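Coordinate analysis (summary)
For reference, the chains in residue letters:
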Amino acid sequence: MAEPAPQHLSLPSGLLELCALLGASRDSLRGLEQVVQKKGVNDLSSLDPEVLSVFVPPFVSTEDSQVASASCTTLGKARKRSFRKKRERPKPEPGKGLSGEPRVPDSEDISISGGVDLLALPQLCFPGGVCVASEPKEDQVHFLVLTDICGNRTYGVVAQFYRPLHDEYCFYNGKTHWEPAAGCCFVPFAVCVVSRLPYYNSLKDCLSCLLTHLKLCKDFEVDNPIKDFAAKLSLIPTPPPGPLHLIFNMKPLQVVFPSRADPESPVIDLDLHLPLLCFRPEKVLQILTCILTEQRIVFFSSDWALLTLVAECFMVYLHPLQWQHTFVPLLSDQMLDFIMAPTSFLMGCHLDHLEEVSKEGDGLVLINIDNGSISYSKSSDSDMNVPDLPLLAAQTFIQRVQGLQLHHELHLAHRSSSTDLNEGRAHRRAWQQKLNCQIQQVTLQLLVSIFREVKNHLNYEHRVFNSEEFLKTRAPGDQWFYKQVLDTYMFHSFLKARLNRMMDAFTRMDLNTQSEEDRINGTLISPRRPTIEKMASRKPSPLHVARRRMVVSMPNLQDIATPELVPKNSSLRLVDTAGCRGSSTVLNVAPKSTYTFKIPEIHFPLVSQCVQAYYSDFVTLLSKAINFLAPENSLLLARYFYLRGLVHLMQGQLLNALLDFQNLYKTDIQIFPADLVRRTVASLSAPERAQAERTPELKRLLSQVLDQPGEAPKADDHVKNFELPRKHMQLEDFVKRIQESGIVKDANIIHRLFEALTVGQQKQIDPETFKDFYNCWKETEAEAQEVSVPWPVMEHLDKNECVYKLSSSVKTSLGVGKIAMTQKRLFLLTEGRPGYVEISTFRNIEEVKCTTVAFLLRRIPTLKIKMVSKKEVFEANLKAECDLWHLMVKEMWAGKKLADDYKDPQYVQQALTNVLLMDAVVGTLHFQGAIYAASKLSYFNKMKNELPMAVPKTTSETLKHKIDPSAGETAPRAIDILLYTPGHLDPAEKVEDAHPKLWCALDNGRVTVYDAASWTVHQHCFKVGTSKLNCMAMVEQNQVWIGSEDSVIYIINVHSMSCNKQLTDHRSSVTDLIVQDGNKAPREVFSCSVDGTILAWNVSTLRVTSQFQLPGGGLSSIRLHGGRLWCCTSSSIVAVTTNGFLRQELKIKENFGETSTSFLTFQLLPEQEQLWAACAGYSEVFIWSLKDLSQPLARVPLQDCSEISCMIRVKQQIWAGSRGLSQGQPKGKIYVIDTKTRSVEKELVAHADAVRTLCSAEDRYVLSGSGRDEGKIAIWKVE
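As recorded in an unreviewed UniProt entry, the protein goes by DENN domain-containing protein 3 and comes from Microcebus murinus. Per UniProt, the protein has the following entry under Subcellular location (unreviewed entry): "Cytoplasm". The record held by UniProt for the protein lists under Subunit (unreviewed entry) the comment "Forms oligomers. Interacts with 6 of the 7 known isoforms of 14-3-3 proteins."

See below:
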């Protein structure tokens, strides 16, 4: 079968898309001199501009191109070339100005990239027309944004310069300016450079350098320097995202082309403080509001350059939100009719047209850049319905802007004058970079403060945003703003990004600036209520919240209380109303370190040999930089590999390019050009592909590209607004609707709610019942937000307590008042002078009864609560509320008891949810059986009554705490692997980053990280691939390696919690990682995969230092002992050298005869020279001697054990996780075995599902993770 022909490879373009020379046509210049002499320059009408020449890459001549491409016919772009505008041109005559260019044949092939409209370009390059002058004017620059029909933007920089009409005035003659002569006139011309990226300042510098050469040229020589200039730009590659900027010597200036900060960020090559110099902060906010509400906006200025620059600054201010409508920041005088468009737009035109536009326009926001004013077109409504930004966010923004240092002169006051032009420019650039960074932080904080709470009203599973409930939480004065913004395309796109859990600039700022309370409550507390701390922050107080305790070592877990039991917080008298992170001062954020790489010189004439020499020099310089860098500097190495890969592609060296791109996996996968690599592989010739298959580094890359299925259908990324149902709902639809509403996510709780709402009825819920329940829930939620607890009462409560339920005013044994319920206690809010009387904590309750007492001729329902520590019984005449309070108190009491017994604070949170649902059900159902219906939600009270057996004493004493990584999810998720990493004090880190961490891998490649000093979430769930994760190891202080089912090892940066590196040398599921002990340098890591492959990695270089294969496959785990690797496969445990030579082998058949079994896990005890192992189908631990594996084995039977799933060694103990029986019920159990006596010391009932993973924390604690039926982590004390 014939080899398929290689596909054509379209190479990435350089900075230049197009370069054009524009000016008045030859015909219009003919006879201009006589007209000037007769009428004068002032009486001339504006001339019509046109494109005189266009230069598009590549610029190598056809003959040279054919020679250069003979060896690789699939390379290269579509042939483009420079051309003159086609028209009838007479033979060049001297003295006829720029029209004397030699003509290009009519058959010349013309193709323009980037979708640039050459018909509109002249008007944009001369927006005020081509005006002849009697004397030369200063060169001027302005900027363009060009949009094609698909919405793709390109960016133009235009330099206008004047030339005399006659050749005799074409030269400087050694002078800095032309000297006008009598009867001379000067004609403007323009050079326009179009790029895919907004390099405004850089291209302005380049054009400034070009103009110095053009003024020395005769008019018929002008095209050559422009073509050479365009050729240079076309050979400069676009810098990859990250810290590396490119420098090119344009003579006399060193021009810097900055990179974007990350792949999602825009290129910022302009001065972001320009709007802050033109407008007061209040006006800046007003303009941002107009953009956010998608008004029809027109900027005006007498300076054409400011129009685009100021508009682009506002676009950067709003990043990552994006303007979705028409964006034409510069309109020529002939394009003014564009502003009559009926849809939203942002445009700009000359100040001369302000009055005309104001009269004729309808519904326009008119922004005068020159005087910093904002007005509305006269035919508009007086107020234009443009709202104000939320007050608190606006005030904070103004204060922060006022703290910025916007004037470079103040920065220079103490500095000596720079005598070097490029040095002075470098200092200015560094100052500007720092200021830009500060402005971006200020504007991003503004966006976060406006939209932070949007996430509280999102349902990620069903992609629903509850806009109505979000609006209810906004301050009355801010409602109009949010109503307008929520209807915009910009906000809709923002919602899509939130629902896709995009880790963009907004998300990072949100995480970095959220309060400690919000960070913890984000996963812990489901029904949101204002905490006592938040209530206190609403009240004026000059004091400040006490800082939370920060520790680095592991906590003593026996002293850790569950989150709702934080010790009484006297700091409530010390509340900071400004908030610990809400400071109005400017963040002192230093810009990230940047590096520069100087691009080699480009030599002319531009023939193939010169271009190839330029590419060779480029590769040589990049290779030197790569060899000079240490492997640890992977961020910079990745940029050099990326650039070298691009240059190799331009040279036609496809395999070398692929090798460079392959290195990005080990340096920074974020900038891996997947589409370019895919196209490059598709264009390989048969010999090249065969050679790639023989190269180990490329073989995996090719298989990834070729084995990848076709383009997956685009995921449904629509956003639904929450709506109440309009038809009857069965259980499945009801679950979905409740989850969409945001009331509760847990499917099991919703099932019980469904039972409660359908008691005595057909098992379906009608829309009216759902509406009543929803409204009742939301009304209760709103009432809770309005609860005001007096200061004297607050001092008795913990800062994180919330008031969840208030009774009506009732008579009690402690006085008259309202009974209040928090997650910790019941207390009486006395009437008259507000006071606090504690009734009881839920832990202290002994009995709860609902009785009646006689009052006159009536029996009044009364709630009685008996406490453990008090003789007096609390009584409350709750009347009609009595039955409901009886249910609620019993549920909270049971939830608290189970939370204490199982050391699981989540039980209290679930009990709270049940209680609030009971309240809503009773408020919804008005018939006699409402209390019975609500009792269907009394889950923990039933559990307490149905399971009277206490938690085994040994389990209770050893268990210290439980964590639920699935909190807030619709269902529990299995814990696949756990890893504890100790804390390190690093001056460069935040204090909380230095704490010990617990890494928890859930299903489908999701990882959650906990602060092991407080067991609170440090990093919410982030994705590591899409497959099951099998193993984790802390390789270095700042690196965690994670092995996955997809055969990739992911390297996580512990500071950024991001995966920028991948090791792809395995061919099947990675099952274990072992880090070499000791101080040997360089450190090594051994990894194994299920197919029997073992790789040794150099941690510094991330290169494989040795590799070997075990026969048979089924390799599940490895251990390193005495310089040998002990490897557990399904059929044997073998000891091999680090080079793969077999030294010992333990075969399962020799020990178990004909029984069909396999090894599951093993541990080595070097001091006792023993090997402990577990086998499938056995409830015993088997022990062999390392000295002689042929000796008879010893067994440790485990009572009520079905099968062992994992084992770890802790001190002189083996902890074995398993599935077993407890009190006749299947449970996850842990057996603690003394290695000396070989006896079971403890039998711990760990989980409701099998124990899947175990890890040790400094040999002080053991952490266990369970299967998906429970999905929790238990923390055990080691003795």
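Let's talk about the overall build of the protein
Assigned secondary structure in the protein consists of 36 helices and 53 strands. Looking at the protein as a whole, 56% of its 1279 residues qualify as buried. Put simply, 61% of the contacts in the protein that link residues at least 6 apart link residues at least 24 apart. Entry remark: accessible area of the protein is about 55,900 Å², with carbon and sulfur atoms responsible for 50%.

A short note on the nonpolar core
The biggest cluster of nonpolar side chains holds 201 residues, and the ones touching the most others in it are L233, F257, I291, F299, F314 and F451. With twelve residues, helix 9 (residues 304-317) is the single largest residue contributor to this core. Discounting chain neighbours no more than four positions away, the residues touching F257 are L15, Y199, S202, L203, C206, L233, I236, P239, H245, L246 and F248. Within the second largest apolar cluster, 66 residues are counted, among which are I743, Y804, L912 and L937.

Describing the pattern of salt bridges
When their charged atoms lie close together, side chains carrying opposite charge are able to pair. Using the criterion set out here, one finds 46 salt bridges in the structure. Here K359 makes a salt bridge to E355, at a shortest N to O gap of 3.4 Å. Taken together, the residues span about one helical turn, with K359 and E355 both in helix 10 (residues 354-360) at a distance of four residues. Of the two residues examined, K359 and E355, each falls in the exposed class. If you follow the salt bridges from partner to partner, you end up with E969, R973, D1003, R1006 and R1268 in one network.

Things to note about the sheet that holds strand 53 (residues 1273-1277)
Spatially, the four strands line up as an open sheet ordered 26-53-52-51, and their pairing is antiparallel. Of all the strands in the sheet, the pair left with one neighbour each is strand 26 (959-963) and strand 51 (1251-1257). Averaged over all adjacent pairs, the angle separating strand axes in this sheet is 20°, with direction ignored. Taken together, the five bridges between strand 52 (residues 1261-1266) and strand 53 define a ladder with antiparallel strand orientation. Its bridge partner lying in strand 53, G1265 is registered against I1273.

Let's talk about the sheet that holds strand 46 (residues 1194-1197)
The strand order across the open sheet formed by four strands is 43-44-45-46, and the pairing between neighbours is antiparallel. Both edges of this open sheet fall to strand 43 (1159-1165) and strand 46, since each of them pairs with a single strand only. Across the sheet, the mean angle from the axis of one strand to that of its neighbour is 25°, orientation sign disregarded. Of the pairings in the sheet, the one linking strand 43 to strand 44 (residues 1170-1175) comprises six bridges and is antiparallel in character. Bridging from a neighbouring strand, F1159 pairs with C1175 of strand 44.

Focus on the environment of L649
Positionally, L649 belongs in helix 21 (residues 634-651). It is 9.0 Å that separates the C-alpha atoms of L649 and P12, two residues lying 637 residues apart in sequence.

Concerning the pairing of strand 7 (residues 244-249)
For strand 7, the buried fraction is high: six of the six residues fall into the buried class. Across the two faces of strand 7 the burial is the same, with L244, L246 and F248 and H245, I247 and N249 all buried. Relative to strand 16 (residues 595-598), strand 7 runs parallel, the two being bridged by four bridges. For L246, the partnering residue across the bridge sits in strand 16 and is F597. Bridge count between strand 7 and strand 8 (residues 254-257): four bridges; the pairing is antiparallel.

A word on the packing of helix 13 (residues 421-451) against helix 17 (residues 505-513)
Relative orientation and spacing of two packed helices are given, respectively, by the angle between their axes and the distance between those axes. Relative to each other, helix 13 and helix 17 sit at 80°, their axes nearing to 9 Å. The angle between the axes of helix 13 and helix 17 places the two elements in the roughly perpendicular class. Contact residues: Q441, L444, Q445, L447, V448 and F451 in helix 13; A505, F506, M509, D510 and T513 in helix 17. Here the contact of helix 13 with helix 17 is built from residues that sort into seven nonpolar, three polar and one charged.

Re the packing of aromatic side chains
One pass over the full model with this rule turns up 32 aromatic pairs. Both rings, one in F465 and one in F470, keep their centres 5.8 Å apart while their planes meet at 50°; by these two values the pair is tilted. Judged by relative accessible area, which is 3%, F465 ranks as buried. Taking 5.1 Å as the distance between ring centres and 35° as the angle between the ring planes, the aromatic pair formed by F827 and Y836 counts as tilted. The exposure class of F827 is buried, given its relative accessible area of 1%. Look at Y836 and you get buried, because its relative accessible area is 16%. Of the aromatic side chains, those joined through ring pairs into one cluster are F451, F465, F470, F481, Y482, F491, F494 and F506. The positively charged end of R752 is found above the aromatic ring belonging to Y939, 4.0 Å away from the centroid. The ring of Y907 has K1272 lying over it, and the distance from NZ or CZ to the ring centre is 4.5 Å.

Some words on unusual backbone geometry
Negative phi is the rule for most residues except glycine; trans is the rule for most peptide bonds. Residues K251 and P252 are joined by a peptide bond in cis, for which omega reads 15°. Within the secondary structure, P252 is located in the loop between strand 7 and strand 8. The backbone phi angle of R463 is positive, close to 55°, even though this residue is not glycine. Residue position: R463 is located in the loop between strand 14 (458-459) and strand 15 (464-465). By relative accessible area, which is 11% here, R463 ends up buried.

Considerations on the packing of helix 5 (residues 200-214) against helix 6 (residues 223-234)
Across the interface, helix 5 lies against helix 6 with an axial gap of 10 Å and an inter-helix angle of 155°. It follows from the interaxial angle that helix 5 and helix 6 lie roughly antiparallel. Helix 6 is crossed by helix 5, and the crossing has right-handed handedness. Taken together, the residues of helix 6 that come into contact with helix 5 (itself represented by L203, C206, L207, L210 and L214) are P225, I226, F229 and L233.

As for the side chain of N466
Mapping N466 onto the fold places it in the loop between strand 15 and helix 14 (467-472). Those residues within four positions of N466 in sequence are excluded, and the remaining contacts are H457, N721, F722, S741 and Y774.

Quick word on the pairing of strand 43
With six of its seven residues buried, strand 43 lies for the most part within the structure. In this antiparallel pair of consecutive strands, strand 43 and strand 44, the connection spans four residues, and E1169 shows a positive phi of 55°.

Let's talk about the confidence of the model for the protein
Residues with a pLDDT of 70 or more make up 84% of the protein, whose mean pLDDT is 84. Within the protein, helix 9 carries the highest mean pLDDT (97), whereas helix 3 (residues 62-68) carries the lowest (44). pLDDT under 50 marks residues 541-555. Its contacts with residues more than four places away, or in other chains, come to 48 contacts. Every residue in residues 557-584 is under pLDDT 50, and counting partners more than four places away or in other chains gives 82 contacts.

A few points about the environment of A994
Relative to the elements of secondary structure, A994 occurs in the loop between strand 27 (977-981) and strand 28 (997-1001). Considered as a pair, A994 and P982 are twelve residues apart in the sequence and their alpha carbons are 8.6 Å apart.

Procedures and definitions
- Residues numbered from 1 in each chain as written.
- Predicted model: local features only at pLDDT ≥ 70, side-chain atom pairs only at ≥ 80, totals over all residues.
- Heavy atoms only, no water.
- UniProt positions renumbered as here; feature names shortened; annotations may be inferred.
- Helix = DSSP H or I, 4+ residues; strand = E, 2+ residues; numbered from the N terminus.
- Buried < 20%, exposed > 50% of the residue type's maximum accessible area, 1.4 Å probe, protein only.
- Contact = heavy atoms within 4.5 Å.
- Areas by Shrake-Rupley, 256 points an atom, 1.4 Å probe, with all protein chains shown as cover.
- Core = buried A, V, L, I, M, F, W, Y, C linked by side-chain atoms within 4.5 Å.
- Salt bridge = Lys/Arg side-chain N within 4 Å of Asp/Glu carboxyl O.
- Pairing = 2+ DSSP bridges.
- Axes fitted to C-alpha atoms, helices over the stretch in contact; angles between N-to-C directions.
- Parallel < 35°, antiparallel > 145°, perpendicular 65-115°, else oblique.
- Nonpolar A, V, L, I, M, F, W, Y, C, P; charged D, E, K, R; others polar.
- Phe/Tyr/Trp six-rings, centres within 6.5 Å; stacked < 30°, edge-to-face > 60°.
- Lys NZ or Arg CZ within 6 Å of the ring centre and 35° of its normal.
- Left-handed = near helix turned anticlockwise from the far one by under 90°.
- pLDDT = per-residue confidence, 0-100.

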